[in-house]
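Summary of the model geometry
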Protein chains: 2
Amino acid sequence: MTPSATPAYRRLSVEERRSQLLDAALTLFAHRAPEDVSLDDVAEAAGVSRPLVYRYFPGGKQQLYEAALRSAAEELQQCFDEPLEGPLLRRLSHAVDRYLAFVDEHDTGFSALLQGGSVVETSRTTATVDGVRRAAAEHIYRHLGVADPGPRLRMTVRTWITAVEAASLIWLDEDKQPPVEELRAWLVEQFTAVLTVTAGRDPQTAALVGTLTGDGGD
Amino acid sequence: MTPSATPAYRRLSVEERRSQLLDAALTLFAHRAPEDVSLDDVAEAAGVSRPLVYRYFPGGKQQLYEAALRSAAEELQQCFDEPLEGPLLRRLSHAVDRYLAFVDEHDTGFSALLQGGSVVETSRTTATVDGVRRAAAEHIYRHLGVADPGPRLRMTVRTWITAVEAASLIWLDEDKQPPVEELRAWLVEQFTAVLTVTAGRDPQTAALVGTLTGDGGD
């Protein structure tokens with residue numbers, strides 16, 4: 001028997017314990033609205049005592065929720081990490097694939113997070129979500145090889161990111177139909193389509209559209 | 001001197017008074033976050049006493065905010081009213097025009113409303129905003145002459161509506177650039193573009209795309 005078979009009784013480092021509690025909280029928040037999760041639930045899910053949860057998160061549920069949210073946001077941002085090589089649309093497709101896998105795994109928690117309907121929602125949690133959106137846009141500019149995106153390109157990229165979020169929420173709402181591969185292909189095609197519309201009135205975007213299927217960016 | 005030159009002293013009917021107070025509240029909420037508007041401000045803007053505001057809205061600011069929001073939502077929904085005749089894209093263009101005029105007029109209040117960052121936000125205010133989104137989608141299906149939209153068409157229309165909202169917020173954020181006429185034309189072209197992407201994998205949507213420039217719908 002290895003120690004990892006009985007995780008609750010293993011002697012964990014502070015970082016390991018913290019991360020174990022965050023994982024347990026994330027799983028709970030992912031399947032229930034934050035207001036329906038208690039610290040007792042988190043303690044039980046992690047196989048530890050309630051005082052131990054408080055020792056790590058003295059701010060109670062609010063602090064735990066925000067920390068779990070930040071940890072989810074970091075995980076979500078990792079979806080965007082993609083090497084700067086190969087055809088641009090293939091890179092986008094990989095990133096959207098990982099993003100949709102995240103949405104699929106965290107379903108309820110993802111909806112609650114983005115819809116902000118939670119009673120424990122604060123300006124800090126909103127800022128966390130906005131940070132993810134900003135990071136997504138920055139990744140796209142970097143892959144497109146654009147150091148200084150103009151207002152028309154920025155508006156196009158930002159509305160596409162919002163459309164991806166909306167489509168993910170609708171997809172969860174519609175019992176994950178159509179199949180995830182179709183949703184991914186549709187979102188990537190939408191990216192080309194909306195960029196092409198903008199290209200008609202913006203030279204910066206027009207210069208990019210031709211590079212989408214080739215090895216663009218830097 | 002006509003009585004209407006001194007509105008505060010006119011004898012108004014209950015409905016007129018109520019509507020006068022809502023107008024004053026809407027104007028205030030449109031330019032400040034709800035948490036920065038007091039009942040005294042509303043009374044002053046309407047040229048009436050604070051007790052009179054309370055007589056009409058005994059629930060205080062929360063009730064007034066929700067009533068003002070519903071009234072704004074009704075005004076917003078009127079933007080979508082468009083006769084069922086003429087080329088579809090021209091009808092859409094007219095509706096988007098009126099919608100953007102509403103966004104332009106209510107700027108700050110519109111952002112606060114859609115971003116839900118307000119302290120007086122509740123599930124009722126969220127439901128009001130969702131009702132406007134649903135109404136927008138229903139109008140689009142009616143103009144397209146579609147009685148029973150399938151999941152792919154629904155997802156396309158709903159994500160486009162979200163994209164319009166996002167673009168409006170970004171437009172306000174960017175000091176109303178690009179010019180409103182360009183934004184309107186861009187949004188209408190986006191509608192065709194995203195529908196065309198969906199048409200590639202959905203016969204119902206494919207049948208519609210060809211009708212967009214002609215006199216479609218019923």
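Just so you know, these numbers come straight off a predicted model, no measurement behind them.

The next point concerns the interface of chain B and chain A. Contacts between the two partners involve 29 residues from chain B, matched on the other side by 29 residues from chain A. Interface area for chain B against chain A, summed over the two sides, is near 2600 Å², with a carbon-plus-sulfur share of 62%. As a salt-bridge pair, B:Arg154 and A:Glu174 come within 2.7 Å of each other at their nearest N and O atoms. On the surface where chain B and chain A come into contact, there are eight residue pairs in polar contact (both at pLDDT 80 or more). Every element with two or more residues in the side of chain B that touches chain A is listed here: helix 7 (151–173) and helix 8 (180–199) of chain B. With 14 residues, helix 7 of chain B is the single largest residue contributor to the side of chain B that touches chain A.

What follows covers the side chain of B:Gln190. Relative to the helices and strands, B:Gln190 is located in helix 8. Owing to a relative accessible area of 6%, B:Gln190 belongs among the buried residues under this scheme. Excluding residues that lie within four positions of it along the chain, B:Gln190 makes contacts with A:Val194, A:Val197 and B:Trp160.

Further remarks concern the relation of the copies chain B and chain A. Turning chain B through 180 degrees and shifting it by 0.0 Å along the axis lays it on chain A, with an RMSD of 0.0 Å. One copy is carried onto the other by what is essentially a two-fold rotation axis. Interface residue correspondence from chain B to chain A reaches 100%, placing this contact among same-surface, isologous pairings.

Under the feature "DNA-binding region" (unreviewed entry), the UniProt entry names residues 38–57 of chain A. Split by type, residues 38–57 of chain A is 75% helix and 0% strand. Its first and last C-alpha atoms lie 13 Å apart.

On to the pattern of salt bridges. Residue and element names in this part refer to chain A. Taken as a whole and judged by the stated rule, the model has 18 salt bridges over all chains. Among the ionic pairs, Asp104 bridges to Lys176, the shortest N-O distance being 2.5 Å. Of the two residues, Asp104 sits in helix 5 (residues 88–115) while Lys176 sits in the loop between helix 7 (151–173) and helix 8 (180–199), which places them 72 residues apart along the sequence. In this structure, Glu165 and Arg133 form a salt bridge, with 2.5 Å as the shortest nitrogen-oxygen distance. Placement of Glu165 in helix 7 and of Arg133 in helix 6 (residues 123–144) is noted, with a sequence separation of 32 residues between them. Relative accessible area serves as the criterion here: at 12%, Glu165 is assigned to the buried category. Beyond isolated ion pairs, a larger network of salt bridges with shared partners links Asp130, Arg133 and Glu165.

Residue and element names in this part refer to chain B. Mapped onto the elements of the fold, Asp40 is located in helix 2 (residues 39–46). According to the relative accessible area criterion, Asp40 is partly exposed, its value standing at 42%. The spacing of Asp40 and Pro51 is 11 residues in sequence and 9.5 Å in space, taken between C-alpha atoms. Separated by 3.4 Å, the side chains of Asp40 and Arg50 make a polar contact.

Okay, the side chain of A:His106 next. With respect to the helices and strands, A:His106 occurs in helix 5. Filtering out sequence-adjacent residues up to four positions away, A:His106 remains in contact with A:Ala30 and A:Glu75.

Here is what the cut-offs are and how they apply
Residues numbered from 1 in each chain as written. Chains lettered and ligands numbered in written order. Predicted model: local features only at pLDDT ≥ 70, side-chain atom pairs only at ≥ 80, totals over all residues. Heavy atoms only, no water. Contact = heavy atoms within 4.5 Å. Buried area = accessible area lost by both parts, 1.4 Å probe. Salt bridge = Lys/Arg side-chain N within 4 Å of Asp/Glu carboxyl O. Polar contact = N/O pair within 3.5 Å; in protein donor to acceptor, adjacent residues only side chain to side chain. Helix = DSSP H or I, 4+ residues; strand = E, 2+ residues; numbered from the N terminus. Buried < 20%, exposed > 50% of the residue type's maximum accessible area, 1.4 Å probe, protein only. Least-squares fit on C-alpha atoms with pLDDT ≥ 70 in both. UniProt positions renumbered as here; feature names shortened; annotations may be inferred.

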